[in-house]
Amino acid sequence: MSKLRNFQLNSSIAVGLLLSLSLMITASPASAHHAFGGETPSNWLEGFLSGLAHPVIGLDHFTFVVAIGLFAALKGSTAGFFIPFSFILATLSGTGLHLFNVNLPVPEVVISASVLAFGILLTQKNSPNLVGLISLSIIAGIFHGYAYGEAIVGAQMTPLIAYLSGFALVQLIVSLIAYQIGRFTLKTIPDQPNLNLRFAGFTICGVGAAFLATTLLG
């Protein structure tokens, strides 16, 4: 029983460290998740740094990327990687929609709800099927990417491309780190391999519920 508690604690600490990283960055001044205080990037470096920062400055975005990395771990390296890859491609599409002035309804509500939903799914004893997870990731990715687009509206092509490259890269890195943590924790309790990730799901639920309540209550 003591080993079980240690395994649960280790997984909670690992996921907590990832989320704490974003919290520490969020503690510094930022305007609507902008890395440059709301200023539109004007060159390649600014665009790239802004792209790297946006999914990490926003704890809601960061938490969701962690969640899809953990789901990738549940599904295994080959099939599981379709989840973060689909999400990342969808965020690029969502940013494109924003740049083309396509309006999506209540994006902040959908983003917060997506974090809560994936946290709830992660707490379930039986993992959802892969196709369903990919479909939900694509839908969520469009809305997350739409929010990313706010920081780059009006930028020239060079910083725009750099921005897209930056946020795609950082999301891939974060999801891969979460994947590695997930794979490690899955091996700690052979008879209940997804137990640790279910506990991580409760943490993600808490973040999603907090953001959703804040968004709805204004």
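About the cut-offs
Every chain begins its residue count from 1, and numbering advances along the sequence as written. Local features are withheld for residues below a pLDDT of 70 in this predicted model, meaning they are given only at 70 or higher, and side-chain atom pairs are given and counted only at 80 or more; totals for whole chains, interfaces and linings count all residues. Excluding hydrogens and water, the side-chain figures rest on all heavy atoms present in the structure. Counting from the N terminus, the helices are DSSP H or I runs at least four residues long and the strands are E runs at least two residues long. Every helix has an expected span of 1.5 Å times one less than the residues it contains. Think of it in three bands: with a 1.4 Å probe and only protein chains considered, a residue is buried below 20% of the maximum accessible area for its type, exposed above 50%, and partly exposed in between. In what follows, residue pairs with any heavy atoms lying within 4.5 Å of each other are defined as contacts. Polar contacts, as counted here, are pairs of nitrogen or oxygen atoms within 3.5 Å of one another; within protein the pair requires one atom able to donate a hydrogen and one able to accept it, and residues that are adjacent in sequence qualify only if both atoms are side-chain atoms. UniProt positions are given in the numbering used here, feature names are shortened, and annotations may be inferred rather than shown by experiment. A cavity, in this analysis, means grid points on a 1 Å lattice covering only the protein atoms where a 1.4 Å probe fits yet has no way out; a pocket is instead an open set bounded by protein on both sides within 12 Å along at least five of seven lines, and a residue lines either one if it has an atom within 4 Å of a point. Grid points are joined across faces, edges and corners, and a volume is the space filled by probe spheres set on the points. Note on residue classes: Ala, Val, Leu, Ile, Met, Phe, Trp, Tyr, Cys and Pro are nonpolar, Asp, Glu, Lys and Arg are charged, and everything else, Gly too, is polar.

K.L.:
An account of helix α7 (residues 130-148) is requested, with residue identities and associated values reported.
P.N.:
Given a rise of 1.5 Å per residue, 19 residues ought to cover 27 Å, and the 26 Å separating the end C-alpha atoms of α7 matches this to within 8%. Along α7, the residues that are buried comprise L133, I134, S137, A140, G141, F143, H144, G145, Y146, A147 and Y148. Those residues of α7 that are buried lie in contact with α2 (44-57), α3 (59-75), α5 (82-99), α6 (107-123) and α8 (157-186). You can read the cap of α7 off the contacts: a side-chain oxygen lies 3.2 Å from the backbone nitrogen of V131, and it is on N129.

K.L.:
Give a description of the UniProt feature "transmembrane region" (unreviewed entry) in the chain that names residues and reports values.
P.N.:
Per the UniProt record, the feature "transmembrane region" (unreviewed entry) sits at residues 56-74, 81-100, 106-123, 130-148, 160-179 and 199-217. Within the segment residues 56-74, helix and strand shares are 95% and 0% respectively, and the terminal C-alpha atoms sit 23 Å apart.

K.L.:
Give me the lowdown on the environment of A213, citing residues and values where you can.
P.N.:
Checked against the element boundaries, A213 lands in helix α9 (residues 195-217). Given the relative accessible area of 34%, A213 is considered partly exposed. For the pair formed by A213 and A113, sequence separation is 100 residues and the distance between their alpha carbons is 9.6 Å.

K.L.:
Can you break down empty space enclosed by the protein residue by residue, with the values?
P.N.:
Scanning all chains against the criterion turns up two cavities of 30 Å³ or more. By volume, the largest cavity amounts to about 40 Å³. Together, F71, L74, L121, L122, Q124, K125, N126, S127, P128, N194, L197 and R198 line the largest cavity. Elements represented by at least two residues in the lining of the largest cavity include exactly α3, α6 and α9. Of the residues belonging to the lining of the largest cavity, the class tally is six nonpolar, four polar and two charged. Looking at the second largest cavity, its volume works out to about 30 Å³. Elements represented by at least two residues in the lining of the second largest cavity include exactly α2, α3 and α8. It is α8 that contributes the most residues to the lining of the second largest cavity, three residues altogether. Of the residues assigned to the lining of the second largest cavity, the class counts are six nonpolar, one polar and no charged.

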